[in-house]
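Chain and residue survey
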Amino acid sequence: VQLQASGGGLVQAGGSLRLSCAASGRTFSSYAMGWFRQAPGKEREFVAAINWAGGGTVYADSVKGRFTISRDNARGTVYLQMNSLKPEDTAVYYCATERAPWTQPRTTQDRYDYWGQGTQVTVSS
């Protein structure tokens, strides 16, 4: 299984970015997907997750109302639309795929078995 994250960059506070994560090597449409992030000096934390069909989502409180996770099963890609970005959103963002098929989105890292390489998001004040 390979996950390729892209779309990161440098943006001013209040701006937007859309991250993409292309998956291969597994039946993408059968598995929930998640986004996590790790800021310098901090542990990796949950951001958002979506179930296999795209009908169920869950968000960290810190991003609720600003970030939207979605997926295109035909393209094997999961997205994270990030609006109203804040300097505290600065981190490396990772996508990951759930261990088991047909599950609802989970927030804990031990539920995910394959991880992308990460993409850097930097928000300047």
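What comes next is a walk through the structure. (Residues numbered from 1 in each chain as written. Predicted model: local features only at pLDDT ≥ 70, side-chain atom pairs only at ≥ 80, totals over all residues. Heavy atoms only, no water.)

Our next topic: the side chain of Thr-77. Here Thr-77 is to be found in strand S8 (residues 77-82). Note on Thr-77: relative accessible area 9%, which makes it buried. Side-chain polar atoms of Thr-77 contact the backbone oxygen of Arg-75, separated by 3.1 Å. Leaving out residues up to four positions away in the same chain, Thr-77 has contacts with Ser-20, Cys-21, Ala-22, Phe-28, Arg-71 and Asp-72. (Helix = DSSP H or I, 4+ residues; strand = E, 2+ residues; numbered from the N terminus. Buried < 20%, exposed > 50% of the residue type's maximum accessible area, 1.4 Å probe, protein only. Polar contact = N/O pair within 3.5 Å; in protein donor to acceptor, adjacent residues only side chain to side chain. Contact = heavy atoms within 4.5 Å.)

Attention now goes to the environment of Thr-122. Along the chain, Thr-122 falls in strand S11 (residues 119-124). The exposure class of Thr-122 is partly exposed, given its relative accessible area of 29%. Remark: the alpha-carbon pair of Thr-122 and Val-92, spanning 30 residues in sequence, is separated by 8.5 Å. If we ignore the near neighbours within four places in the chain, the residues touching Thr-122 are Gly-9, Leu-10, Val-11 and Thr-90. A distance of 3.3 Å separates a polar atom in the side chain of Thr-122 from a polar atom in the side chain of Gln-120.

Turning our attention to empty space enclosed by the protein. Evaluation of the coordinates by the stated rule reveals one cavity of 30 Å³ or more. Approximately 50 Å³ is the volume found for the largest cavity. Surrounding the largest cavity, Val-1, Leu-3, Ala-23, Ser-24, Arg-26, Phe-28, Tyr-31, Met-33 and Thr-97 form its lining. Secondary-structure elements contributing two or more residues to the lining of the largest cavity are strand S3 (17-24) and strand S4 (31-38). Here the residues of the lining of the largest cavity sort into six nonpolar, two polar and one charged. (1 Å grid on protein atoms, 1.4 Å probe; cavity = no way out; pocket = protein on both sides within 12 Å on 5 of 7 lines; lining within 4 Å. Points joined across faces, edges and corners; volume = space filled by probe spheres on them. Nonpolar A, V, L, I, M, F, W, Y, C, P; charged D, E, K, R; others polar.)

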